[in-house]
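Listed here are the chains, written in short residue letters.
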Amino acid sequence: MGPAGGSHPAAELEQALGLEFRDRGLLRQALTHRSYVNETSGDDADSYERLEFLGDVVVRLIVSEELYHRLPDCDEGGLTRRLGALVSQQAFAAAAKQLGVTPYVQLGHGARSTGDQHSDGVLGDVMESLIAAVYLDAGYQAARSFVLSTLSSEIEAACKPGWRPDNPKAELQELLQGQGRPTPVYRVVDTSGPAHQPQFTVEVVADGEAIGVGSGRNKNAAEAAAARAALTVFAELSTAAG
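All figures in this text were calculated on a predicted structure; none of them were measured in a lab.

## Thoughts on the overall build of the protein
Right, so step 1: Across its full length, the protein carries 12 helices and three strands.
Right, so step 2: Its C-alpha radius of gyration of 19 Å places the protein within 12% of the 18 Å reference for a compact globule of 242 residues.
Right, so step 3: Its C-alpha atoms give the protein principal-axis dimensions of about 60 × 55 × 35 Å.
Right, so step 4: Out of the 242 residues in the protein, the part that is buried amounts to 43%.
Right, so step 5: Counting contacts in the protein only where the partners sit at least 6 residues apart, residues at least 24 apart contribute 56% of the total.
Right, so step 6: Of the side chains in the protein, 20 bear a positive and 32 a negative charge, and the two mean positions are spaced by 2 Å.

Given below as C-alpha cells:
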C-alpha cells in the first residue's frame, strides 16, 4: 500500500488561494509532512520543515511591520502581545482551515490515520510553510499581500481599542472559580514526533474529571489548547441548557 498523501492535488489549492506559482515544487513541499517523505523513501529536506523555519521569520516581520505602522501610540509590550496572538500556532491553524488547506496536506498513513491533518500543530506548520513558499517564489510584497489578506480580520481586531489577548487558561480558571470549583490541573498524557519537533498532548482536569484535551508544539501551547477545548464544551452545555 502506498503512502496516504493528500486527497487533492496541490494545483487545486493554488487555484483556490488565487496564487500562481512559478515553481509549483515549492507549493508541494510546503504541504509535505515528514511522515510522507519517510514512507516514500525521500529526503528529509523534501518535507516542509525548512520552509516552516523561514516562514516563521517572514510572517513575524510582516505582522510586526503592520502593527508598528497601524498602532503608532502602542508601546513595545502591547505590540509584542498582539504579535504573539496573531502568529500563534492556533491562529495559523485556524487560517489554514479557513483557507481549506487540510485536504491537500501530504501525510503518511500512520499520521493520517490518527487525524494529524486536522491538528493545530500540522496545520500551523503548513501555514508558515505556505507563506515561505510564496515569499521564495514571488518575493516579499507577494508574501505580505498573502499574509495580510489571510489574517485581515484578526489584525483588524488586534488594532481596536480595548483588545485583550486570547488567554484560555485564565478564562477557564475564572469560569471554574465562579462555579466554586478548584483550580484546573494540567497533565501531559502523550508526547510524539521527532526530538527536534515534539508534539505534546495535554489533558485538563477539574474535580478529578477530564474536561478538555489539546495538543501543541510545547507544553504551554498544549495546555492552552486543552483549556480552549474545555471552554468550548462549557459554552455548548450552556447553550443547550438555555
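The discussion continues.
## A look at the packing of aromatic side chains
Two descriptors summarise a pair of aromatic rings, namely the distance from one centre to the other and the angle between the planes of the rings.
Right, so step 1: The final tally for this structure, using the stated rule, is zero aromatic pairs.
Right, so step 2: Lys169 extends its terminal NZ or CZ atom over the ring of Tyr186, reaching a point 5.0 Å from the ring centre.

## Re the pattern of salt bridges
Right, so step 1: Throughout the structure, instances matching the rule amount to 11 salt bridges.
Right, so step 2: A salt bridge links Glu49 to Arg34; its shortest N-O distance comes to 2.8 Å. Of the two residues, Glu49 sits in helix α4 (residues 49-70) while Arg34 sits in helix α3 (residues 34-39), which places them 15 residues apart along the sequence.
Right, so step 3: In this structure, the salt-bridge partner of Arg181 is Asp207, at a minimum N-O distance of 2.9 Å. With Arg181 in the loop between α11 (168-178) and β1 (185-192) and Asp207 in the loop between β2 (199-206) and β3 (209-216), the pair connects residues that are 26 residues apart, well separated along the chain.

## Quick notes on empty space enclosed by the protein
Right, so step 1: For the structure shown, the criterion picks out one cavity of 30 Å³ or more.
Right, so step 2: Here the largest cavity is characterised by a volume of approximately 40 Å³.
Right, so step 3: Around the largest cavity sit Phe92, Ala95, Met127, Ile131, Phe146, Val147, Thr150 and Leu151, which together line it.
Right, so step 4: At the level of secondary structure, the elements contributing two or more residues to the lining of the largest cavity comprise α6 (89-99), α8 (120-138) and α9 (140-150).

## A closer look at the sheet that holds β1
Right, so step 1: In spatial order, the strands read β1-β2-β3; together these three strands make up an open sheet with antiparallel pairing. Only two strands of the sheet have a single partner each, and these edge strands are β1 and β3. Neighbour-to-neighbour, the strand axes of this sheet turn through a mean angle of 25°, independent of strand direction.
Right, so step 2: Sheet topology note: the β2/β3 ladder contains seven bridges and is antiparallel. Bridge assignment links Glu203 to a residue of β3, and that residue is Val213.
Right, so step 3: On the sheet, helix α12 (residues 219-241) packs against β1, β2 and β3 and is oriented at approximately 135° with respect to β3.

## Focus on the packing of α8 against α9
Right, so step 1: For the pair α8 and α9, the least separation of the axes is 6 Å and the interaxial angle reads 150°. Facing Met127, Ile131, Val134, Tyr135 and Ala138 of α8, the residues of α9 in contact are Tyr140, Ala142, Ala143, Phe146, Val147 and Thr150.
Right, so step 2: Partitioning the contact of α8 with α9 into residue classes produces 10 nonpolar, one polar and no charged.

## Some remarks on the nonpolar core
Right, so step 1: Ranked by size, the top nonpolar core spans 47 residues in total, and within it Leu31, Val63, Leu67, Val101 and Val126 carry the most contacts.
Right, so step 2: For this core, the secondary structure elements donating two or more residues are α1 (10-17), α2 (24-30), α4, α5 (76-86), α6, α8, α9 and α10 (152-158).
Right, so step 3: By residue number, the principal contributor to this core is α8, which donates nine residues.
Right, so step 4: Counting 14 residues, the second largest nonpolar core, distinct from the first, contains Leu176, Val202, Ala226 and Phe234.

Conventions used here
- Residues numbered from 1 in each chain as written.
- Predicted model: local features only at pLDDT ≥ 70, side-chain atom pairs only at ≥ 80, totals over all residues.
- Heavy atoms only, no water.
- Helix = DSSP H or I, 4+ residues; strand = E, 2+ residues; numbered from the N terminus.
- Rg over C-alpha atoms; globule rule 2.2 N^0.38 Å.
- Buried < 20%, exposed > 50% of the residue type's maximum accessible area, 1.4 Å probe, protein only.
- Contact = heavy atoms within 4.5 Å.
- Lys, Arg positive; Asp, Glu negative; His and termini not counted.
- Charge placed at Lys NZ, Arg CZ, Asp CG, Glu CD.
- Phe/Tyr/Trp six-rings, centres within 6.5 Å; stacked < 30°, edge-to-face > 60°.
- Lys NZ or Arg CZ within 6 Å of the ring centre and 35° of its normal.
- Salt bridge = Lys/Arg side-chain N within 4 Å of Asp/Glu carboxyl O.
- 1 Å grid on protein atoms, 1.4 Å probe; cavity = no way out; pocket = protein on both sides within 12 Å on 5 of 7 lines; lining within 4 Å.
- Points joined across faces, edges and corners; volume = space filled by probe spheres on them.
- Pairing = 2+ DSSP bridges.
- Axes fitted to C-alpha atoms, helices over the stretch in contact; angles between N-to-C directions.
- Nonpolar A, V, L, I, M, F, W, Y, C, P; charged D, E, K, R; others polar.
- Core = buried A, V, L, I, M, F, W, Y, C linked by side-chain atoms within 4.5 Å.

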